[in-house]
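Observations on chain architecture
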Amino acid sequence: MTGPSQEGAQNSASPDAALEKLIHDRSPEVLVAAAGDSRLSEDLALALLTRRDLPAKALEELNKNGAVTKHRKVRLAIVMHARTPRHVSIPAIRHLYAFELMQVALFPAVAADVKRAAEETLIGRLETISAGERYALAKQSPGRVAAALLFDEDERIMQAALANPHMTEPLVVKSLRVEEVTDILVSAVSHDEKWSRRQEIKTILLTHQKTPFAKVLQFASELPVRVIQDALHSARMDEKLRNYLEAVVEKRAGGL
């Protein structure tokens, strides 16, 4: 006796096959056949892609189905599906738009290596996209992408990246230690209400040659003496700044 799943598999290639029913079938064979069917519409493909139990083979067939991969929503959903094989999802990433890449990188269910590939692809495209797009990305993109935008020539974009909710202290610290860090970024971090309060960041800014001197005075009064002493031993700085910090240490240490 032929069961419903077997019957669906046999009829999946027939002209009058009910694809709407096939995409909800439990049989992996039926799902694979439906995914590769040239009559599959965008809506049906997207409905199929909502299934968490979709076999990897079905995702491969769907990716090869030109009738639906011409639709951007389908391509994006294939990349973001938890069961999509890496040899399908990783190459497909380079065909996504900037904000689609951001969506992949921020989606919780996407595997870490796929997210990273999306981030790296997006970072590599930053110089080719408009200022408006970069500004929007700076406000909401993943931390690594926002960190790359800290070096944008447009101050508005840099400020948006600094305020990005995904920005982290290690990313800010790393940016400050880059040799090509700009005066405007150092000044922005020095005055930022959030980041200028972090001790590691204040320590870096204390001896940074691009930190506004008024902020150096502030940080020198806020940091523990031992931190300033360590900074004097480990950092390269001009003689004027060194002399000032040594005097601060001597005065504060003497008052202990």
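Just above, that's the structure.
These remarks concern the structure in this document. (Residues numbered from 1 in each chain as written. Predicted model: local features only at pLDDT ≥ 70, side-chain atom pairs only at ≥ 80, totals over all residues. Heavy atoms only, no water.)

**Focus: the environment of Trp195**
Which entries qualify depends on this criterion: Where helices and strands are cited, they refer to DSSP runs of H or I of at least four residues and of E of at least two residues respectively, numbered from the N terminus. Exposure is judged per residue with a 1.4 Å probe applied to protein chains only, and the accessible area is read against the type maximum: over 50% gives exposed, under 20% gives buried, and values in between give partly exposed. Whether two residues touch is decided by their heavy atoms; if any such pair falls within 4.5 Å, the residues are in contact.
Residue placement: Trp195 occurs in the loop between helix H15 (183-191) and helix H16 (199-206). Residue class for Trp195 comes out buried when judged on its relative accessible area of 2%. Between the alpha carbons of Trp195 and Val216 there is a distance of 15 Å; along the sequence they are 21 residues apart. Not counting residues within four places of it along the chain, the set of residues in contact with Trp195 comprises Leu162, Met167, Thr168, Glu169, Val172, Val189 and Ile201.

**With respect to the packing of aromatic side chains**
Definition in use: Aromatic rings from Phe, Tyr and Trp, with only the six-membered ring used for Trp, were paired whenever their centres fell within 6.5 Å, and each pair was classed as stacked if the ring planes differed by under 30 degrees, edge-to-face if by over 60, and tilted otherwise. Placement of a positive charge over a ring is assigned whenever Lys NZ or Arg CZ falls within 6 Å of the ring centre and within 35 degrees of the normal to the ring plane.
Summed over the entire model, instances satisfying the criterion amount to one aromatic pair. A centroid spacing of 5.6 Å and a plane angle of 65 degrees characterise the contact between Phe213 and Tyr244, whose relative ring orientation is edge-to-face. Taken together, the residues span a long stretch of sequence, with Phe213 in helix H17 (residues 213-222) and Tyr244 in helix H19 (residues 239-254) at a distance of 31 residues. Geometry around Tyr97 places Arg72 over its ring, the cationic atom sitting 3.5 Å from the centre. For the cation-ring pair, Arg156 lies above Tyr135, with the distance from its terminal atom to the ring centre recorded as 3.9 Å.

**Quick notes on the layout of surface pockets**
The line we're drawing: Site definitions follow a grid-based scheme: protein atoms alone, a 1 Å grid, a 1.4 Å probe that fits but cannot get out for cavities, and for pockets an open set with protein on both sides within 12 Å along at least five of seven lines, plus lining residues having an atom within 4 Å of a point. Grid points are joined across faces, edges and corners, and a volume is the space filled by probe spheres set on the points. Residue polarity is assigned by list, with Asp, Glu, Lys and Arg as charged and Ala, Val, Leu, Ile, Met, Phe, Trp, Tyr, Cys and Pro as nonpolar; anything else, Gly included, falls into the polar class.
Within this model, the largest pocket holds a volume of roughly 740 Å³. What lines the largest pocket is a set of 24 residues, among which Ile204, Thr207, His208, Gln209 and Arg236 lie closest to the centre. Elements represented by at least two residues in the lining of the largest pocket include exactly H16, H17, helix H18 (225-234) and H19. Classifying every residue of the lining of the largest pocket gives 11 nonpolar, six polar and seven charged. The computed volume of the second largest pocket comes to approximately 260 Å³. Looking at the second largest pocket, the residues that line it are Leu49, Thr50, Arg51, Arg52, Ala77, Met80, His81, Ala82, Phe107 and Ala109. Residues that form the lining of the second largest pocket fall into these classes: six nonpolar, two polar and two charged.

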